Amino acid sequence: MSVRVRMAPSPTGLLHIGGVHTFLFNWIFARGQGGECLLRIENTDTSREVAEAVDQIQRSLGWLGIDWDGPVTFQLDAMDRCRELGARLVEEGKAYEDEGAIRFRMPEEGVTAWDDAIRRRIEFPNEQLEDLVLVRSDGRPTYNFASPVEDMDDRISHVIRGDDHISNTPKQIQVLRALGHEPPVYAHVANILGTDGKKLSKRHGAVSVDEFRSAGYLPEAIVNFLALIGWAPDGETTIMSRDEIVERFTLESVSVSPGTFDYAKLDWMNGMYLRALSPTEYADRLVLWVGDHGLEWPAERVHEAAAIVQEKIGRLDEFPGFAGFLFHDVEPDSALLDARILGAAQDALETVEPWTAAEIEAALKQLCEDIGEKPRTVYGPIRVAVTGSKVSPGLYESLELLGRDRALERIRHGAGASQ
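This text gives an overview of the structure that appears in the document. Everything quoted here is computed from the prediction, not taken from an experiment.

### Focus: the overall build of the protein
Inference 1: Looking only at helices and strands, one finds 17 helices and twelve strands in the protein.
Inference 2: Taking 2.2 N^0.38 as the reference for a compact globule, 419 residues should give roughly 22 Å; the C-alpha atoms of the protein span a radius of gyration of 30 Å, well beyond that estimate.
Inference 3: When its C-alpha atoms are laid out on the principal axes, the protein stretches across 100 × 45 × 35 Å.
Inference 4: Within the protein, the fraction of its 419 residues that count as buried is 51%.
Inference 5: Taking the intrachain contacts of the protein between residues at least 6 apart in sequence as the baseline, contacts between residues at least 24 apart amount to 74%.
Inference 6: About 19,500 Å² of surface is accessible on the protein, with carbon and sulfur atoms providing 47% of the total.
Inference 7: With 44 positive and 69 negative side-chain charges, the protein shows a separation of 3 Å between the mean positions of the two kinds.

### Topic: unusual backbone geometry
Inference 1: Backbone torsion omega between E353 and P354 reads 0 degrees, so that peptide bond is classified as cis.
Inference 2: You will see that E99, though not glycine, has its phi angle at about 55 degrees, which is positive.
Inference 3: Within the secondary structure layout, E99 lies in the loop between β4 (95–98) and β5 (101–104).
Inference 4: On the accessibility criterion, E99 (77% relative accessible area) is exposed.
Inference 5: If you check the backbone angles, R120 has positive phi at about 65 degrees while not being a glycine.
Inference 6: Of the residues examined, R120 reaches a relative accessible area of 44% and is grouped as partly exposed.

### Here's the deal with the packing of helix α3 (residues 79–91) against helix α4 (residues 143–153)
Inference 1: As a packed pair, α3 and α4 sit with axes 10 Å apart at the nearest point and diverge in direction by 100 degrees. When the interaxial angle is binned, α3 and α4 end up roughly perpendicular. Here α3 contributes M79, R81, C82, L85, G86 and L89 to the contact with α4, which in turn contributes F145, A146, V149, M152 and D153.
Inference 2: In the contact of α3 with α4, the residues fall into eight nonpolar, one polar and two charged.

### Quick look at the sheet that holds strand β3 (residues 73–74)
Inference 1: A sheet is described by the order of its strands in space; here three strands give the open sequence β1-β2-β3, paired in parallel fashion. If you trace the sheet from one side to the other, it starts and ends with β1 (4–7) and β3, each paired once.
Inference 2: Bridge analysis of β1 against strand β2 (residues 36–41) gives four bridges, and the strand direction is parallel. Counted as the bridge partner of M7 is L39 from β2.
Inference 3: The strands touched by helix α1 (residues 17–32) within the sheet are β1 and β2, with β1 carrying the most contacts at an inclination of about 160 degrees.
Inference 4: Each of β1, β2 and β3 touches helix α2 (residues 53–64); the most contacted strand, β2, lies at about 155 degrees to it.

### Re a nonpolar patch on the surface
Inference 1: Residues I239, W268 and M272 make up a contiguous nonpolar surface patch of about 250 Å² in total accessible area.
Inference 2: The topology assignment puts M272 in helix α9 (residues 263–276).
Inference 3: Classification of M272 by relative accessible area gives partly exposed; the value is 34%.

### Some remarks on the side chain of N168
Inference 1: Within the fold, N168 resides in the loop between β9 (158–162) and α5 (169–178).
Inference 2: Beyond its immediate sequence surroundings of up to four residues, N168 is in contact with Y143, N144 and R161.

### Overview of the packing of aromatic side chains
Inference 1: One pass over the full model with this rule turns up 13 aromatic pairs.
Inference 2: For the ring pair F25 and F249, a centre distance of 5.2 Å and an interplane angle of 55 degrees mean the geometry is tilted. Of the two residues, F25 is situated in helix α1 and F249 in the loop between α8 (242–248) and β12 (259–260); the sequence distance between them amounts to 224 residues.
Inference 3: With a relative accessible area of 0%, F25 lands in the buried category.
Inference 4: When the ring of Y379 is compared with that of Y396, the centres are 5.8 Å apart and the planes differ by 85 degrees; the resulting orientation is edge-to-face. In this pair, Y379 sits in helix α15 (residues 375–387) while Y396 sits in helix α16 (residues 395–402), placing the two residues 17 residues apart along the sequence. For the pair Y379 and Y396, a shared accessibility class is recorded, and that class is buried.
Inference 5: Each member of the aromatic cluster is reached from another via a ring pair, and the members are F212, Y217, F225, F261 and Y263.

### Some points on the pattern of salt bridges
Inference 1: Going through the model one piece at a time under the given rule, you end up with 29 salt bridges.
Inference 2: Across the pair D98 and R103 runs a salt bridge whose closest N-O atoms are separated by 2.8 Å.
Inference 3: D98 sits in the partly exposed class, given a relative accessible area of 28%.
Inference 4: In this structure, D317 engages R315 in a salt bridge whose closest nitrogen and oxygen atoms are separated by 2.9 Å.
Inference 5: Overall, D317 belongs to the partly exposed group, its relative accessible area being 27%.

### Brief notes about the environment of D163
Inference 1: Position of D163 relative to the elements: it lies in the loop between β9 and α5.
Inference 2: Along the chain, D163 and F327 lie 164 residues apart, while their C-alpha atoms are 49 Å from each other.
Inference 3: Apart from the residues lying within four places of it in its own chain, the contact partners of D163 are R119, H188, V189, A190 and N191.

Conventions adopted
Residues numbered from 1 in each chain as written. Predicted model: local features only at pLDDT ≥ 70, side-chain atom pairs only at ≥ 80, totals over all residues. Heavy atoms only, no water. Helix = DSSP H or I, 4+ residues; strand = E, 2+ residues; numbered from the N terminus. Rg over C-alpha atoms; globule rule 2.2 N^0.38 Å. Buried < 20%, exposed > 50% of the residue type's maximum accessible area, 1.4 Å probe, protein only. Contact = heavy atoms within 4.5 Å. Areas by Shrake-Rupley, 256 points an atom, 1.4 Å probe, with all protein chains shown as cover. Lys, Arg positive; Asp, Glu negative; His and termini not counted. Charge placed at Lys NZ, Arg CZ, Asp CG, Glu CD. Axes fitted to C-alpha atoms, helices over the stretch in contact; angles between N-to-C directions. Parallel < 35°, antiparallel > 145°, perpendicular 65-115°, else oblique. Nonpolar A, V, L, I, M, F, W, Y, C, P; charged D, E, K, R; others polar. Pairing = 2+ DSSP bridges. Patch = residues over 30% accessible without salt bridge, like charges linked within 9 Å, V, L, I, M, F, W, Y side chains within 5 Å. Salt bridge = Lys/Arg side-chain N within 4 Å of Asp/Glu carboxyl O. Phe/Tyr/Trp six-rings, centres within 6.5 Å; stacked < 30°, edge-to-face > 60°.

Interpretation in functional terms is not warranted from these geometric data alone.
So, in structure tokens, the structure goes:
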């Protein structure tokens, strides 16, 4: 069988990360089978359509590296085709008119069953299936008619979608068989849960892809993270390249149990990807992130700062809070300063030459010995005076990059502010 799948978002809002999870499984499966992955916008209900949603969907998928084959199609374009097929089913006695609408005549006995590629055998008693509205009285086809018709016309081989569609499947199977078409293989992916055990919502993860991008997550990390929600190649491997995921993925190995969207794991994984970048690529991504967020910080300076933060932060949006002291003045908490230590530090650092991390380290270690204090006691007030925070990149490297004059001025100011 030639594999052909479709990603079919509804443009009733921005594409959120839960929807991406299902799209990703479609894409991985198609690419691993040498098949095609189509993008269909399911816009039968135009009244709910969000104007910018279609662009956002394409932009989000593109950023994540989830591509598609052929042009984007719109379900709205298939409306005439659906009306034509609905009329045909009425003529054949398989559907009937009801107050201006067209209803499909469901069988009353037996079961509608299919072998789900993820959940195995699923059966629905036909007596529980109500006659389905195919075309509304205003001429608009319903989702449960338009979607299978397009699957038929697009020669879709596998429908991979969320398990909230399981109840739609027997209806769509009956429609397709009435049209003389053998249904595709269905595969229903389990929901993603938040860490509280409830279905993913805006409170814990079902936010738009744009928000993850803004927060400084790398697309490679998100793809790796999402692929491992509900699927695992061996129960041990965590960091996987896109090619490795595609190579090892099978629908049969997807779990029927819901997975959990764990932000702590995503942050850890994103940090792993950030630290694996070459210094140049890491700096380039920081520059792009800074520019995208309207921070008018010199690219050369960002490149310099990248070297001292790459091992420290797990998301790019942590950069301003971690290294912003290099780009703007700071206001340290006077309660965390110590005039005696800062005065001594000023004296010790004024003679450092050249102004390098190694020489600064030697001078500060000597200072600790001279005043009989542990590094923790000495370095804390210096760090706060220079960076404005108790948490920062390495102190020696921070002082070097800040420069002698600015560093000594902040230490001097800190000593005065603590008196």
